[in-house]
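Structural overview for review
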Amino acid sequence: MAGFSKKMRLLTAADFKRVFDAPDQRSVDHLFTLLVRKNDLGYSRLGMAITKKRLKRAVDRNRAKRIIRETFRGQQDKLVGVDVVVMNRNALVNAENIELFQSLAKHWSRLGKL
RNA sequence: AGAGUUGGCCAGGCAACCGCGCUACCGAAAGGUAUCGAGGAAAGUCCGGGCUCCAUAGGGUAAAGCGCCAGGUAAUGCCUGGGGGGCGAAAGUCUACGGAAAGUGCAGCAGAAAAUAUACCGCCUAAGUGCCUUUCGGGGCGCCGGUAAGGUUGAAAUGGUGCGGUAAGAGCGCACCGCGUCGGCGGCAACGUUCGGCGGCAAGGUAAACCCCGCUUGGAGCAAGACCAAAUAGGGGGACAAUGGUGUGACCCGCACUGUUCCCGGGUAGGUUGCUUGAGGUAUGUGGUGACGCAUACCCUAGAUGAAUGGUUGUCCACGACAGAACCCGGCUUAUCGGCUAACUCUCACU
RNA sequence: GGCUGGGUAGCAAAGUGGUUAUGCUGCGGAUUGCAAAUCCGUCGACGGCGGUUCGAUUCCGCCCUCAGCCU
C-alpha cells in the first residue's frame, strides 16, 4: 500500500485555482463533491476544501479529512496523474464512518475509469 | 443500612499489520531506523498577564471597569481565610456586600397620604366660643380645634410590647427589646461585644438610575512583528525653508507628516522565522489554618502550517461521554457516558 | 486563530424600568348576484436560563443562534 507524503498534496493557492477553474470531471453525491483535472507529474495529488460552514466542529472536520486521506491512499495505484479536490456537503454532519467509506469508494472507482 | 454535603482523580486496556508529523542518526538521492506525538475542558473568548509592534506610552479632561476586610499571586473581576446578611434540622451553601445624615432623578395602579409630612373612615370635646336645654350638678348640637391608638391601599406608610398618662391620644414618661452614637474591651482589619454612658428615635426605598468616594486601565493584537525576496509600482535617510495644510482610532496641550535639494535602493505574491525550557512538571523536606511560598534532587513532556496522533483486525471489560493544540500561561464559564476515592452531617438498627 | 455587530407575531419594522406601536398576511363580519377593492373587528411576539428591582423586552451575567471583518 502506498504512502501519503507531502508531494502528493495540493499545497498552494495556485494549485487549487488550476483545478477549480477548469475541472475535467466532477463526481457528486449527497456527501462529497470531487473536482478532477489531469496533471503531467505522473502521480496523483489530493487537496481538500472542508468548510467550517458545513462542519461546525473541529472533530468532524478532522474525521472527514482522515477518512478521505485514508481512502485516497488506497486508490493511488488506480489514479495516475490527476489532481483531485474534495469538498464536503451538508449531509456529512450526520453520516457514519461506514457511509463515508462507501461513498468515497464509489467516487474513486468512477474516477478510475477516466 | 439509608439520605445528603463538599473536594480530588481517571477518561477504554493490550496485541498485530498499514499509514501521518517533528526531531536525531544513516544515505548522493529516493528512502530507512529510533524516540516522542491533543484535553480536562484543547471549547466559549468572559477576565487577567507574558510577548510583539505602534504617532509619546508624557500632562490634563473624558470614558470604561472594579468595590465588606486581610492575605496569595506576574496579575485579575480569580483563589484562600475571615466578617455581615439570606437559605437549610445539620454538614454546608448563596451573596456586584462602599456611600442615600453632598446633589439630581424615579415610584404606574391602588391608597387619605409615596417623601413633604398629611388626615379619608375614625377617636375626643379638656381649653376657647355660639346656640339649645336644665332637676343648676350638668347635658346636647356646632365652630375653632386636638389626635395618629384602630381601619383601608400597596412592593414599600415615619420603631415593637407592656404599664403609666390623657378629653382622646402620642417616646409624652418609664421598663424590656430594637436602633443610632461615644467610650472601653477583643481583632492587623472588616467587624463583634452577655461592658458602661448618651440620644426618645433623628437618617424610608432605589446607586446592575445619574452620581460621589477609592482603586485600576495607552492602543492593537502572532493574520502582532522580524528576515529573504518574483511581478508591478512607488519609497527611505540627512540638510534647509515655511508655521499654512494634513494626520494623530475619545478630546486638548503636545507630537508627527507634507515642500526643495543631496544621498541610498525599497518590499506585495511566495518562503523562512516568531514556535516552544516554561510565572514548567514530579518527588521529598519545610513555613503557613489555607490559597501559596521556600529549599534540594530528578525530568524534557506536541509544535503542525491545506495543517500530523488515524485505519483495519483480534481480544478483555465497567461496552467507552463531551470533544481536536495553532504564540504561551493563570482563572472563570459552558459541554460531558461512566467509574474510583477522601472528609463531613443527619436518621434508623445492633453491640 | 483573532476581532466586531445583531436576535421583537408568518414577514417587515418602531419602541421603552410600569397593559409592546404600525404595515402586509391569517381569521370572522359588512358591502356584492359572485368576487376584487374598501370598511369594521380579531388572533398571534420581545432567542433561552439566572440575577438586580415592588415590577425587566429594557439593566447585569452566562448560554444558544445569525451575520460581518482581518488571511
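Refer to the structure above for everything that follows.
Predicted, not measured: the structure shown is a model, and the values here were computed from it.

Parameters and conventions
Residues numbered from 1 in each chain as written. Chains lettered and ligands numbered in written order. Predicted model: local features only at pLDDT ≥ 70, side-chain atom pairs only at ≥ 80, totals over all residues. Heavy atoms only, no water. Near = heavy atom within 4 Å. Polar contact = N/O pair within 3.5 Å; in protein donor to acceptor, adjacent residues only side chain to side chain. Helix = DSSP H or I, 4+ residues; strand = E, 2+ residues; numbered from the N terminus. Pairing = 2+ DSSP bridges. Axes fitted to C-alpha atoms, helices over the stretch in contact; angles between N-to-C directions. Contact = heavy atoms within 4.5 Å.

1. A look at the protein's contact with RNA strand B
Around RNA strand B, a shell composed of 17 residues is seen, among which Lys-6, Arg-9, Met-48, Arg-57 and Asn-62 lie nearest. The separation between a base nitrogen of RNA strand B and a polar main-chain atom of Met-48 is 2.5 Å. At 2.8 Å, a side-chain N or O of Arg-66 approaches a base oxygen of RNA strand B. Elements that contribute at least two residues to the surface near RNA strand B include exactly β3 (45–49) and α2 (58–74).

2. Thoughts on the environment of Val-82
Turning to its location among the elements, Val-82 is positioned in strand β4 (residues 82–88). Along the chain, Val-82 and Asp-40 lie 42 residues apart, while their C-alpha atoms are 8.1 Å from each other.

3. Quick look at the sheet that holds strand β2 (residues 32–38)
Strands sit in the order β1-β2-β4-β3 across an open sheet of four strands; the sheet is mixed. Only two strands of the sheet have a single neighbouring strand rather than two, namely β1 (25–28) and β3. Each neighbouring strand pair of the sheet contributes to a mean axis angle of 15 degrees, computed without reference to strand direction. The pairing of β2 with β4 spans seven bridges and is antiparallel. Within β4, the residue paired with Lys-38 across the bridge is Val-82. Packing against the sheet, α2 makes contact with β2, β3 and β4, and its axis sits at approximately 165 degrees to β3.

That is the geometry; function is a separate question.
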